[in-house]
Amino acid sequence: MTLFDMVSGDTGRIVRISGAGPKGIRQRLLDMGVTRGTEVRVERHAPLGDPVEISIKGYCLALRMQEAQEIEVEPISGVCVPPA
Amino acid sequence: MVSTSARESALAHRNAVIALAGNPNAGKTSTFNALTGAFQQVSNYPGVTVSIKEGTAHHAGVDYSIVDLPGIYSLTAYSQEEMVARNFILDGQVDVVVDVLDSSNLERNLYLAAQLLEMRTPMVLALNMMDIAHKRGITLDARALSVRIGVPVVVISGNRGEGMPELLAACASAIAAGPPEATHTVDYGHEVEEAIERLTADVAGVAELAARYEPRWLAVKLVENDESAGAVVQQLGATFLLERAQAEMQVIERHYHEDAATVIAERRYGFAAGATRDCTRPTGEARQFATERIDAVMCHRVLGPILLVAVVASLFVWVFKISDEWAWIPWFGGWLSPTGWMAWCFEELAQVCAPLENEAPMLHSLIAHALIGGVGGVMEFVPLIFVMFLFIAALEDTGYVARVAFILDKVLHIFGMQGKSIIAMIVSGGLGAGGCAVPGVLATRTLREEKDRLVTMLVVPFMNCGAKMPVYAMLIAAFFPAHRTPVMLVMWLLSWCVALGAAWFLRHYVIRGEQTPFVMELPPYHIPVLRSVVLHAWDRTWMYGRKAGTIILCISVLMWALMYFPQLPEDAGLRMSPNERAAAGLAHSFAGRVGQAMAPVSELAGFDWQTNIALMGGFAAKEVVVGTLGTSYSMGEIEAKEASPLSERLAKDPDWDAVRAFAMMVFVMIYAPCLATMSAIRRESGSWKWALFSTGFNTAVAFVLAVVVFQTGRAMGLGHL
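For clarity, every value in this text was computed on a predicted model and none was experimentally measured. (Residues numbered from 1 in each chain as written. Chains lettered and ligands numbered in written order. Predicted model: local features only at pLDDT ≥ 70, side-chain atom pairs only at ≥ 80, totals over all residues. Heavy atoms only, no water.)

Notes on the overall build of chain A
Helix and strand content of chain A: 2 helices and 5 strands. In chain A, the order of α-helices and β-strands from amino to carboxyl end is β-α-β-β-β-α-β. In chain A, 61% of the contacts between residues at least 6 apart in sequence involve partners at least 24 apart. Approximately 3,200 Å² of chain A is accessible, and the part contributed by carbon and sulfur atoms is 54%. (Helix = DSSP H or I, 4+ residues; strand = E, 2+ residues; numbered from the N terminus. Contact = heavy atoms within 4.5 Å. Areas by Shrake-Rupley, 256 points an atom, 1.4 Å probe, with all protein chains shown as cover.)

Points about the sheet that holds strand β1 (residues 11-17) of chain A
Judged by pairing direction, the sheet is antiparallel, and its 6 strands sit side by side in the order β5(A)-β1(A)-β2(A)-β3(A)-β4(A)-β9(B) without closing on themselves. Strands with a single pairing partner mark the edges of an open sheet, and in this sheet they are β5 (71-75) of chain A together with β9 (519-521) of chain B. This sheet shows a mean twist of 40° between the axes of neighbouring strands, independent of strand direction. Pairing of strand β4 (residues 59-63) of chain A with β9(B) involves 3 bridges; the strand directions are antiparallel. Paired with A:L63 across the two strands is B:V519, which belongs to β9(B). (Pairing = 2+ DSSP bridges. Axes fitted to C-alpha atoms, helices over the stretch in contact; angles between N-to-C directions.)

Section: the packing of helix α10 (residues 215-223) of chain B against helix α11 (residues 227-235) of chain B
Working note: a packed helix pair is described by the angle between its axes plus the distance between those axes. Residues and elements named next belong to chain B. Put simply, α10 and α11 touch, their axes get as near as 8 Å, and they point 110° apart. With respect to α11, the axis of α10 lies roughly perpendicular. Both α10 and α11 take part in a crossing whose hand is left-handed. Contacts from L218, K221 and L222 in α10 reach A229, G230 and V233 in α11. For the contact of α10 with α11, the class distribution of residues is 4 nonpolar, 1 polar and 1 charged. (Parallel < 35°, antiparallel > 145°, perpendicular 65-115°, else oblique. Left-handed = near helix turned anticlockwise from the far one by under 90°. Nonpolar A, V, L, I, M, F, W, Y, C, P; charged D, E, K, R; others polar.)

Brief notes about the packing of aromatic side chains
All names here are of chain B. The final tally for this structure, using the stated rule, is 15 aromatic pairs over all chains. Ring geometry for Y213 versus W217: centroids 6.2 Å apart, planes at 15°, classification stacked. You can call W217 buried: its relative accessible area is 3%. Centroid distance W690 to F693: 5.4 Å. Interplanar angle 80°. Geometry classified as edge-to-face. (Phe/Tyr/Trp six-rings, centres within 6.5 Å; stacked < 30°, edge-to-face > 60°. Buried < 20%, exposed > 50% of the residue type's maximum accessible area, 1.4 Å probe, protein only.)

Description of helix α31 (residues 624-632) of chain B
A large share of α31(B) lies buried, amounting to 8 of its 9 residues. Taken residue by residue, α31(B) has B:V624, B:V625, B:V626, B:T628, B:L629, B:G630, B:T631 and B:S632 as its buried positions.

Some words on the packing of helix α23 (residues 450-459) of chain B against helix α34 (residues 675-685) of chain B
Residue and element names in this part refer to chain B. Put simply, α23 and α34 touch, their axes get as near as 11 Å, and they point 175° apart. One way to sum up the angle between α23 and α34 is to call them roughly antiparallel. Within the contact between the two elements, α23 uses R453, L454, M457 and L458 and α34 uses I681, E684 and S685. Among the residues forming the contact of α23 with α34, the class breakdown is 4 nonpolar, 1 polar and 2 charged.

Description of helix α6 (residues 142-149) of chain B
All names here are of chain B. What α6 keeps buried is the set A142, A144, L145 and I149. Looking straight down α6, one finds that the buried residues subtend no more than 160° of arc, so they occupy a single side. Looking at α6, the residues exposed on the side facing more than 90 degrees away from the buried face are R143 and V147. Looking at the buried positions of α6, the neighbouring elements they touch are β4 (96-102), α4 (106-118), β5 (123-128), β6 (138-140), β7 (153-155) and α13 (260-279). Measuring from the backbone nitrogen of R143 back to the side-chain oxygen at the start of α6 gives 3.1 Å, which picks out D141 as the cap. (Arc of directions from axis to C-beta. Polar contact = N/O pair within 3.5 Å; in protein donor to acceptor, adjacent residues only side chain to side chain.)

Regarding the environment of B:I156
Residue and element names in this part refer to chain B. Within the secondary structure layout, I156 lies in the loop between β7 and α7 (164-177). When the C-alpha atoms of I156 and L167 are compared, they prove to be 7.6 Å apart, with 11 residues separating the residues in sequence. Apart from residues no more than four positions distant in its own chain, I156 is found in contact with T31, A126, L127, N128, M129, E162, G163, M164 and L167.

A closer look at the interface of chain B and chain A
The accessible area lost on association of the parts is a frequent measure of interface size. Tallying the contact residues gives 44 residues for chain B and 35 residues for chain A. Broken down residue by residue, the surface that chain B buries against chain A is led by B:Y78, B:F406 and B:V519, which jointly contribute 18%. Taken together, the links from chain B to chain A amount to 6 salt bridges. A salt bridge links A:R26 to B:E258, with the shortest nitrogen-to-oxygen separation between them at 3.0 Å. Put simply, chain B and chain A have 15 residue pairs in polar contact (both at pLDDT 80 or more) between them. When contributions to the side of chain B that touches chain A are tallied by element, the ones reaching two or more residues are α4, α13, α14 (290-298), α20 (400-414) and β9 of chain B. It is α20(B) that contributes the most residues to the side of chain B that touches chain A, 6 residues altogether. Residues that form the side of chain B that touches chain A fall into these classes: 18 nonpolar, 9 polar and 17 charged. (Buried area = accessible area lost by both parts, 1.4 Å probe. Salt bridge = Lys/Arg side-chain N within 4 Å of Asp/Glu carboxyl O.)

Things to note about unusual backbone geometry
Between A:D50 and the following residue, A:P51, the backbone shows a cis peptide bond with an omega angle of 0°. Along the chain, the position of A:P51 falls in the loop between β2 (39-45) and β3 (52-56). Backbone torsion omega between B:F565 and B:P566 reads -15°, so that peptide bond is classified as cis. Mapped onto the secondary structure, B:P566 falls in the loop between α27 (551-564) and α28 (578-588).

Considerations on the sheet that holds strand β2 (residues 53-59) of chain B
Residues and elements named next belong to chain B. Ordered by their spatial adjacency, 6 strands build an open sheet running β2-β3-β1-β4-β5-β7, and the pairing between neighbours is mixed. Each having just a single partner strand, β2 and β7 make up the two edges of the open sheet. Across the sheet, the mean angle separating the axes of adjacent strands is 30° when strand polarity is ignored. Across 5 bridges, the pairing between strand β1 (residues 16-22) and strand β3 (residues 62-68) is parallel. Each residue of the ladder has a partner; that of V17, found in β3, is S65. The strands touched by helix α2 (residues 28-36) are β1, β2, β3, β4 and β5; relative to β2, the strand with the most contacts, the crossing angle is about 50°.

Some remarks on the nonpolar core
Residues and elements named next belong to chain B. Judged by nonpolar contacts, the single largest core of 94 residues is most densely connected at V459, L475, F479, L650 and M664. Not counting residues within four places of it along the chain, the set of residues in contact with L650 comprises M474, L475, F479, L629, Y633 and W656. V192, Y213, V263 and C279 belong to the second largest nonpolar core, which has 67 residues in total. (Core = buried A, V, L, I, M, F, W, Y, C linked by side-chain atoms within 4.5 Å.)

A look at the environment of A:I14
Residues and elements named next belong to chain A. Position of I14 among the secondary structure elements: in strand β1. What makes I14 buried here is its relative accessible area of 4%. In this structure, the C-alpha to C-alpha distance between I14 and T2, residues 12 residues apart in sequence, is 8.8 Å. Beyond its immediate sequence surroundings of up to four residues, I14 is in contact with V34, T35, R36, G37, T38, V40, I56, I71, E72 and V73.

So, the environment of B:R244
Residue and element names in this part refer to chain B. Here R244 is to be found in helix α12 (residues 239-256). Residue R244 is classed as partly exposed on the basis of its relative accessible area of 40%. Beyond its immediate sequence surroundings of up to four residues, R244 is in contact with L199 and D202.

Some remarks on the side chain of B:N464
Note that B:N464 resides in the loop between α23 and α24 (469-479). One polar contact links the side chain of B:N464 to the main-chain carbonyl oxygen of B:M491, over a distance of 3.3 Å.

Some details on a nonpolar patch on the surface
A cluster of nonpolar side chains, contributed by B:V297, B:V302, B:L303 and B:I306, occupies part of the molecular surface with about 330 Å² of accessible area. Mapped onto the fold, B:L303 is located in helix α15 (residues 303-326). (Patch = residues over 30% accessible without salt bridge, like charges linked within 9 Å, V, L, I, M, F, W, Y side chains within 5 Å.)

Examining the pairing of β1(B)
Residue and element names in this part refer to chain B. In terms of burial, β1 is largely enclosed, as 7 of its 7 residues are buried. Burial along β1 is two-sided: the face carrying A16, I18, L20 and G22 and the face carrying V17, A19 and A21 are both buried. Here β1 pairs with β4 via 5 bridges, running parallel. The partner of I18 across the bridge, within β4, is V96.

Keep in mind these numbers describe shape, not what the thing actually does.
Below, the structure written as structure tokens:
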């Protein structure tokens, strides 16, 4: 499952960033805190469905669905609020 | 990209240099303002502070040079800002780095601190925005953080200017103490550490590298497969280092089943998370963040776009309301307005110079046309531009602009740009109420992706900047007096269609290549700080106004010369009225001859030779179009403010009708960017190629569209609306 498949309000834990896509984007996501084991929550999608806003490490990050597809997550059940 | 003058002047002063580093939105710029009192803006929008600014601060009888580095999240080679910041520190002119941290978002902020620590420059951490952290239910222990990281930590408030003496005192002692202990840096884990250790020894063995770089820092960069570090090593011929680094990376990858750069980033975040845990504790009083509640409305699927339109509309109202009173469309308002006051200054100047007309006709003509007509025309718009930038700066300060980028990214992405492009387009006049493409081109610096940036830069001149407004206003008054608002709306929509269409075309046929990703922080909402909004608006207005004194003055003189020489022979046109003689003189001049030579072609779009001359003037600055048109139609002196005689004249002219006027408005909207914009494009794109391209491309598009409008209008028998 990837971030692409999650809907607003879903919470998950990052498993890995798959290698596809341009070289810089992977590093950029890592720099913004998209690292293995980090909890993310999908806050909302933009009115046209893309990009998506996620809450990660206590702040909000917007990324395109194309990038969201590269981020593998495992859903967390029973957790509603990620720690700030 | 690094401002050499900032460095040189820092060197010349021989002051200790304090470099401010930090994440975007961490309050770095407000800290800079609080330290130096300098003119600069606080910004909630990622990366507005891209150029390096310098100021001076005093503490305990010592002067410090304060350098404001671009806001960054990391120190990779993938972004220009990060390279600028990194090189500035590496160049060794920095005595101490102050890392400004957003206390409410400590973990991600410490990720950068972890990397700065590795550069082993003396460092101080400034904990900013403690109040917001408190609101979020977090208390921070500065001492615990200092013990954990091994550098001084100072609590400050950039917005309120608190903690600055303490910060400077900490900087002084950090400089005295020298580089921080290496023991507090990130532990990358056994396998990676061993690899780094071996490479560090290798780097230390190359004298040229060891002299310039902290060996461990470079070793880490090599293991990260950093392109820029690799290039430096290659340049010095130490290719064996690259081979060793490759080998080490493979070992790491085999061990962790992840590439080395990922392992390193994760370890750094581990370090940041550990340090955050050690120095924070929850108060248990976390309120629901206002930002979440606001975003639930602002970014709502249905309400979001409606509110976006409402915000745009309120900008219209704000500027139009002010402009009605301030005589924005120059001949509708009163004379007490700032715009009117500006005009009055230039009128007085004209009065003072009037006696020259008989004594020194050439000097009088030069002053009247080049200085008063050219420069005065630009200066009259300065108050308007300032009012508009006030609104936009306030909007940026709230953080809403990042949401605009979020909401619109999908649409702009289709046309080969990205959400952030919207800022540049709004600044350039995308809201339909004035603006200027010069700061618009500069605003593209917020785009990290080179191709998106170039495309945006090339299409912002299509927006309706303030200088095009007098042309529209004059023609609307003449031919669409009853339809002022709908026509302006059509012009606004058309500018967007052309800009988006051109972006799509450029992205598909000229600047091809894969679309670049979009990863952007949505910063928390803030109430704008009045002082910073005013400073920000002033900065941009200054940028606009400055071209009046420089480029526009030069070009105005040049255009004046082209229209003044060669003069009519003494004996010609003796029976003409002065205005007729002026028109005949213009026809006889270089510009007049070119205008007449082009007439057979330009007639396709309905432009006669008089119009051609006016449009040529517009290559320099769109401000001069109306004035030149007035002269060429024997109207004598036409002040943009008092263009109604010209309006009336054109309305009565049987050769002019609504179709022709509209074709001219379309042409003026689209054709070649003014010289100030061209030079901005040259500077920002790094080559004349794109500046010249935009001149040719835009003019071609403009002409084709103007011909289509004119011929279609004629074919449909339209004319007098």
